[in-house]
Amino acid sequence: MYGIVYTKPCDESSGVHCVTPYLAKKPRLQLSIYTSLKATGDGNPNLILNIEDFDIHSKFERKVNVSIPKKTRNNGTLYTYVFVHQAGVSPWHDNKEVHLVAQLTSYMVLKPQEVNLISGEDPTQQSEPHRKTTNVPDRPVAHWRSRLTFNIMADDFSFDGESLPGDVHRYMKILQYGKKVQYLPILFVDLLSNRVKDLMVINSSTTELPLTVSYDTISLGKLRFWIHMQDAVYSLQQFGFTEKDADEIKGIFVDTNLYFLALTFVVAAFHLLFDFLAFKNDISFWKKKKEHGWHVQQSSALEMFQYHCHLPLPVG
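Here the structure is a predicted model, which means the values were calculated and not measured.

> Just checking my understanding: could you explain the layout of surface pockets for this structure?
Where empty space is left becomes clear once a probe the size of a water molecule has been rolled over the atoms. Here the largest pocket is characterised by a volume of approximately 560 Å³. Lining the largest pocket are 22 residues; nearest its centre among them are Gln103, Arg145, Leu191, Gln230 and Tyr234. Residues belonging to the lining of the largest pocket are distributed by class as follows: 11 nonpolar, 6 polar and 5 charged.

Here you go:
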């Protein structure tokens, strides 16, 4: 656990090849968020949010209305592109841009809604013969993820070029100027914040849906921890966990304070250690008792043999 959240900084005075942050130069940045029908970016991207003077140290939350294409309304998929690039330069032609692609749609089977056809009472209070369920499709239906949360690692941290952490390395874009190596802003889309309660069903008549865009900085330690937790949830979904099953696991990390969660891990680790020591002590106790019993049996057998053979008992 300590190795996940702690990263040894690079000591430039020791002559080690260091990778320094591009943000240390305090460049002017711009934020651009698009939607697209394809994950490759060639699906007619549509700009939904643009912040020309983007300050990475200022958190914000904005609500925007997103137009839903016809293909998405017909149970299709919609993606979002989050760009952080140089101010005044198009993100599609900027060699210093960083971007991530995330899916704005999810697929779930609709839960049948019970309808009371006899009275206006609460359907949950009626007996089974008086209930009737509406016809709903038994195939997954497109749902809208109404929240988009992303972060930027704003720590002024220099990495050791020969031992870059593998979890962070795949989020890094590195530029080299002669012997100087810099990494561009590390952008991270928080998929753990996508909860089932925020999903909205996309109907064929839906032309526009709201999207809440949230941004905040993130420390390097929390970023590495969040990457591992996000990968763990993704792996469970690949093994067959549904969106609702994964949502319960997400709640453990999202709804719980990170420090309290770390304290829980520490207490559980100590509890496991004490159980192991107690078990080890029990084994040692019974092992010694067994050896002691064996010596007592040997001594009693020797005394009986000497008594029947009329041999003198040994002194002491």
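> Would you take a moment to explain the nonpolar core for this structure?
If you look at soluble globular proteins, the nonpolar side chains tend to sit buried side by side. With 35 residues, the main nonpolar core has Leu31, Ile33, Phe54, Trp144, Phe150 and Leu211 as its most contacted residues. Aside from chain neighbours lying at most four places away, what touches Leu31 is Leu49, Asn50, Ile51, Phe54, Phe60, Val82, Phe83, Val84 and Phe150. If you look at the next biggest cluster of nonpolar residues, it comprises 21 residues, including Met172, Ile218, Phe225 and Ile227.

> Whenever I open this one, the state of the cysteines confuses me. Can you help?
Disulfide: a covalent bond formed between the sulfur atoms of two cysteine residues. A complete count under the given rule lists 1 disulfide for this structure. Across the disulfide, Cys10 is cross-linked to Cys18 (sulfur-sulfur distance 1.8 Å). Classification of the bridge connecting Cys10 and Cys18 rests on its S-S torsion, roughly -70 degrees, and on that basis the disulfide is left-handed. Grouping residues by exposure puts Cys10 and Cys18 together as buried.

> Honestly, the sheet that holds strand E4 (residues 60–67) in this entry has me stumped. Any pointers?
In sheet architecture, strand pairing relies on hydrogen bonds along the backbone and comes in two forms, parallel and antiparallel. A sheet is described by the order of its strands in space; here 4 strands give the open sequence E4-E17-E11-E15, paired in mixed fashion. Bordering the open sheet on either side are E4 and strand E15 (186–189), each of which pairs with just one other strand. Sheet twist, expressed as the mean angle between neighbouring strand axes with direction ignored, is 25 degrees. With 7 bridges joining them, strand E11 (residues 147–153) and strand E17 (residues 208–218) adopt parallel strand pairing. Residue pairing in the sheet places Met153 in a bridge with Ile218 of E17.

> Just to check I follow, could you spell out unusual backbone geometry for this structure?
Working note: non-glycine residues mostly have negative phi, and peptide bonds are mostly trans. A positive phi angle is found at Lys26, which is not glycine, with a value near 55 degrees. Residue placement: Lys26 occurs in the loop between strand E1 (18–21) and strand E2 (29–36). According to the relative accessible area criterion, Lys26 is exposed, its value standing at 72%. Here Asn75, not a glycine, exhibits a phi torsion of approximately 65 degrees, which is positive. In this fold, Asn75 is placed in the loop between helix H2 (70–73) and strand E5 (79–86).

> Explain the pattern of salt bridges here, please?
When charged atoms on two side chains of opposite charge get close, those side chains can pair. Evaluation of the coordinates by the stated rule reveals 5 salt bridges. For Arg147, the salt bridge identified is with Glu61, shortest N-O distance 3.3 Å. Placement of the pair is Arg147 in strand E11 and Glu61 in strand E4, with a sequence separation of 86 residues. What makes Arg147 partly exposed here is its relative accessible area of 25%. In this structure, the salt-bridge partner of Asp167 is Arg224, at a minimum N-O distance of 3.0 Å. On the criterion of sequence distance, the pair formed by Asp167 in helix H3 (residues 166–169) and Arg224 in helix H4 (residues 220–238) is long-range, its members being 57 residues apart. When sorted by exposure, Asp167 lands in the same class as Arg224, which is buried.

> Explain empty space enclosed by the protein here, please?
Here the structure, examined in full by the defined rule, presents 3 cavities of 30 Å³ or more. Around the largest cavity, the lining residues are Ala102, Gln103, Leu104, Arg145, Arg147, Leu148, Thr149, Val189, Asp190, Leu191 and Asn194. Elements with a minimum of two residues in the lining of the largest cavity: strand E6 (98–103) and E11. Per element, the largest residue contribution to the lining of the largest cavity is 3 residues, and it comes from E11. Its volume calculated, the second largest cavity comes out at about 40 Å³.

> Teacher, can you tell me more about the side chain of Glu97 here?
Mapped onto the fold, Glu97 is located in the loop between E5 and E6. A polar side-chain atom of Glu97 sits 3.1 Å from a polar atom in the side chain of His99. When near neighbours in sequence (up to four residues on either side) are disregarded, Glu97 contacts Phe83, Val84, His85, Pro91, Lys173 and Leu184.

> Got a minute to help me understand the sheet that holds E1 in this structure?
The sheet built from 4 strands is open, its strands ordered E12-E1-E14-E13 with mixed pairing. Among the strands making up the open sheet, the edge pair consists of strand E12 (159–160) and strand E13 (174–177). Pairing between E13 and strand E14 (residues 180–183): 4 bridges, direction antiparallel. Opposite Leu175, over in E14, you have Gln182 as the bridge partner.

The rules behind the values
Residues numbered from 1 in each chain as written. Predicted model: local features only at pLDDT ≥ 70, side-chain atom pairs only at ≥ 80, totals over all residues. Heavy atoms only, no water. 1 Å grid on protein atoms, 1.4 Å probe; cavity = no way out; pocket = protein on both sides within 12 Å on 5 of 7 lines; lining within 4 Å. Points joined across faces, edges and corners; volume = space filled by probe spheres on them. Nonpolar A, V, L, I, M, F, W, Y, C, P; charged D, E, K, R; others polar. Core = buried A, V, L, I, M, F, W, Y, C linked by side-chain atoms within 4.5 Å. Buried < 20%, exposed > 50% of the residue type's maximum accessible area, 1.4 Å probe, protein only. Contact = heavy atoms within 4.5 Å. Disulfide = S-S within 2.5 Å. Pairing = 2+ DSSP bridges. Helix = DSSP H or I, 4+ residues; strand = E, 2+ residues; numbered from the N terminus. Axes fitted to C-alpha atoms, helices over the stretch in contact; angles between N-to-C directions. Salt bridge = Lys/Arg side-chain N within 4 Å of Asp/Glu carboxyl O. Polar contact = N/O pair within 3.5 Å; in protein donor to acceptor, adjacent residues only side chain to side chain.

Just geometry here; none of it tells us what the structure is for.
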